[in-house]
Amino acid sequence: MHMRRLRACLIVAGLCVAALAASAVTAATASAEGDGVAATPPMGWNDWYSVYCGVNAQRVEQTAQEMVANGMKAAGYDYVNIDDCWMAASRDASGNLVADPTRFPGGIQAVAVYVHSLGLKLGIYEDAGTVTCAGYPGSFGHEAQDAATFASWGVDYVKYDRCAIPYGDFPGASAQQVQQTLYTRMSNALRATGRPIMFSMCNPDPGDDPWSWGAPIANLWRTTQDMQDSFGSMLATFEGTVNLFADAGPGAWNDPDMLQIGNGGSSLLEYTSEFSLWAEMAAPLIAGTNLAALTRPELAIYENPNVIAVDQDPLGRPGVPISSANGLWVLTKQLSTGGRAVLLFNSTDTAATIATTATAVGLPRGRVYSMHDLWTNAVSQTGGAISAFVPGHGVAMFTVAAVGTRRARTLAPQTVLSLHAASSELRVGRSTTLSASFADNGVTAVKKLRLSLAASPGWHVKPVGGATIPVLGPGKRFTVDYRVTAPRTGPPLAFSIFAARASYHPLDGRHASSATLGELVYSPVRAPLSTADVTTYPALFGASGPDLAISSRGMGVFILSSAASRTDSYAAIYEHARAGVDSTAEVTVTADPAGGKAGGAGLIERDDMTTAHNQSPAGVTLFVSSYAMIVMAWNASGGTNVDQQYTVPSLTVNGPVALALVRRGSTYTGFYSTDGGQIWNSVATVTVAASASLGPQDVGVFHASGLPTWTTMATFTGFSVH
Ligand code: GLA
């Protein structure tokens, strides 16, 4: 249903936005009116991603203090939420829930009193099943009692999970129907207490679809599985939520999980994107981090008043995606002021221009619009074009509104400087054309425009034609091409950075803008090594001396999670038929960046590396996973996939890992070393199925990002087979 609506939207964007937003409001108001909470998405903190089961009263109270002291309370954050593990292992003799006496010595009520004394609210966690996800007593069969307990303690927010639901007690009912019954029970029980309590459903498993039935009973529902602190996980979470815009509105919100900003797994640029995307989707802004450890720039993200205002806009309409071609997203969110919050999000690795227009985002046809950049605070005017040169993983976010010409005359024109490379990757010693382009989107001219380009050391840069122009008219563009030549030698794969600069005079002031672009330069892989790419997005390979690099997507060499999608998808640098029946392959993985679950980098041996998906039985891999664990996986069944695996328990590695795969006939033993090859530990010994080839096999290094939409680069050194 959502896809159908979305397609209609792409055709008549403006009209569609209005129609959808209107239906969302009707769908959701029932709940808002019903309990008077969550008129706008909740804002606050939750302990889970910073302490997991280590939560205690002190941590909760200190966080409440911190929220006041660091300005977050003033910025609108008011919920202090306790997640799983706050309870004692069992209920008391009367069946009441009790807090863990060591970690919450004064009980939950004392914490609530303290949190309330600071002008904040307290949230708690429970579960619709017999036990919580961490194994503490669940509310099943105790709904009214537990709701009354929470109300008596002064709880303001209940997150309600879905672990250990006794589906067997409901013969003939689907999982979703059972959840509807149990979540409705708790919703009614909370309402019956008479205390306004926000009700947050946490049941995002496939088929649960809480957005399709949650609005009458809950104030928010999780749309996706738990989010990790990585760009790939954030992207998957965003993509899993953004098309559900029509199901949310005041009183009832899509919850794509807590914010990971500050947990150390992403860059500031990526955290800025995360915050902007959540605000554009009208998602709850719940900080899932240790607030006391936030850096100043991280705190500034959480406290950006412009972006918070978009999230909290009283109209309560989630942003609508109007395009997403090639990973370049345009979203528009209708605001109560009549303007639109426009988000340009570049989910790709490479900087790119993202463009839309005032009418496409749903604004009335007019002559001039103001654009407020919500991250730089610059205000400019445009004749209708809305564009920005957005770095890979980055966003540009504006509020756009029609303005009169008099006001427009006081504003500088919106200008965009962008860089485009004829090819985004280049072999060492080769040349390509880089174009620097300056656009005046405004309704007034710019004067004395000058463009220039700086390159990394070793590059040769030559402009083709002049780089200055006395006047550039409104709505016009000025482009300068540069012939650029890469250095003759370099590492296997590396980014070179180009920086363009424009200086110009708008109105009476002097302005400058800059844009940077990375160009991936590779040293080609040479015989006897070859490359194989069985992903759906072109991989890039490099070799230089003993070093190898692979930049690729790909879900992995096996997909364990779902039989239906067991499709190998990875990229490899390998030697054909080099692993004999009595051989050892070795390599050191020097970098394996975080990606999706089944991603990783390491050694691979299989009958034929070039045979596409699922057609090369008898394979063994030994690799460092995206989660920094050492995994050995193999084909044991004689089927067409590498389908069993062993993970070295309780070990996460950081830094280089040496791997060795020893083959004796159809028996393979994996070893790893984290001290440069002094001490080798064995991982596993496996015998592959009878169908395994007993002849020589292809052997090499492989990489898969683990995500279909996200490229990561792994590096290796010292690959050898003997
Ligand atoms: C589930 C939820 C998480 C967290 C944990 C607690 O995984 O999705 O947000 O509440 O349970 O056990």
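Preceding block: the structure.
1. A word on the overall build of the protein
Looking only at helices and strands, the protein has 13 helices and 40 strands in total. In terms of overall dimensions, the protein is globule-like: its C-alpha atoms have a radius of gyration of 28 Å, near the 27 Å expected for 722 residues. Expressed as lengths along the three principal axes of its C-alpha atoms, the size of the protein is roughly 75 × 75 × 45 Å. When the 722 residues of the protein are sorted by exposure, 55% land in the buried category. Sequence separation of 24 or more characterises 70% of the internal contacts of the protein that already satisfy a separation of 6 or more.

2. Quick notes on the site of the ligand
Near the ligand you find Trp48, Asp83, Asp84, Tyr125, Cys133, Ala134, Lys159, Asp161, Arg162, Cys202, Arg222 and Asp226, and these make up its full shell. One of the side-chain N or O atoms of Asp83 is found 2.6 Å from an oxygen atom in the ligand. Within the side chain of Asp84, a nitrogen or oxygen atom sits 2.7 Å from an oxygen atom of the ligand. Within the complex, the protein chains bury 91% of what would otherwise be the 300 Å² of accessible surface of the ligand. Class assignment for the residues of the shell around the ligand results in five nonpolar, no polar and seven charged.

3. Some points on the state of the cysteines
All chains considered together, the criterion is met by two disulfides. One disulfide in the model links Cys53 with Cys85; its S-S distance is 1.8 Å. With Cys53 in the loop between helix H3 (48-51) and helix H4 (57-69) and Cys85 in the loop between strand E2 (79-81) and helix H6 (107-117), this pair connects stretches of sequence that are 32 residues apart. Among the residues examined, Cys53 registers a relative accessible area of 33% and is labelled partly exposed. Between the sulfur atoms of Cys133 and its disulfide mate Cys163 the distance is 2.0 Å.

4. Digging into the packing of aromatic side chains
A complete count under the given rule lists 20 aromatic pairs for this structure. Ring plane angle 75 degrees and centroid distance 5.0 Å describe the contact between Trp48 and Tyr52, whose orientation is recorded as edge-to-face. Ring geometry for Trp86 against Phe150: centres 6.3 Å apart, planes inclined by 65 degrees, an arrangement best described as edge-to-face. On the criterion of sequence distance, the pair formed by Trp86 in the loop between E2 and H6 and Phe150 in helix H7 (residues 143-153) is long-range, its members being 64 residues apart. With respect to burial, Trp86 and Phe150 carry one shared label: buried.

Rules of the game
- Residues numbered from 1 in each chain as written.
- Predicted model: local features only at pLDDT ≥ 70, side-chain atom pairs only at ≥ 80, totals over all residues.
- Heavy atoms only, no water.
- Helix = DSSP H or I, 4+ residues; strand = E, 2+ residues; numbered from the N terminus.
- Rg over C-alpha atoms; globule rule 2.2 N^0.38 Å.
- Buried < 20%, exposed > 50% of the residue type's maximum accessible area, 1.4 Å probe, protein only.
- Contact = heavy atoms within 4.5 Å.
- Near = heavy atom within 4 Å.
- Polar contact = N/O pair within 3.5 Å; in protein donor to acceptor, adjacent residues only side chain to side chain.
- Areas by Shrake-Rupley, 256 points an atom, 1.4 Å probe, with all protein chains shown as cover.
- Nonpolar A, V, L, I, M, F, W, Y, C, P; charged D, E, K, R; others polar.
- Disulfide = S-S within 2.5 Å.
- Phe/Tyr/Trp six-rings, centres within 6.5 Å; stacked < 30°, edge-to-face > 60°.

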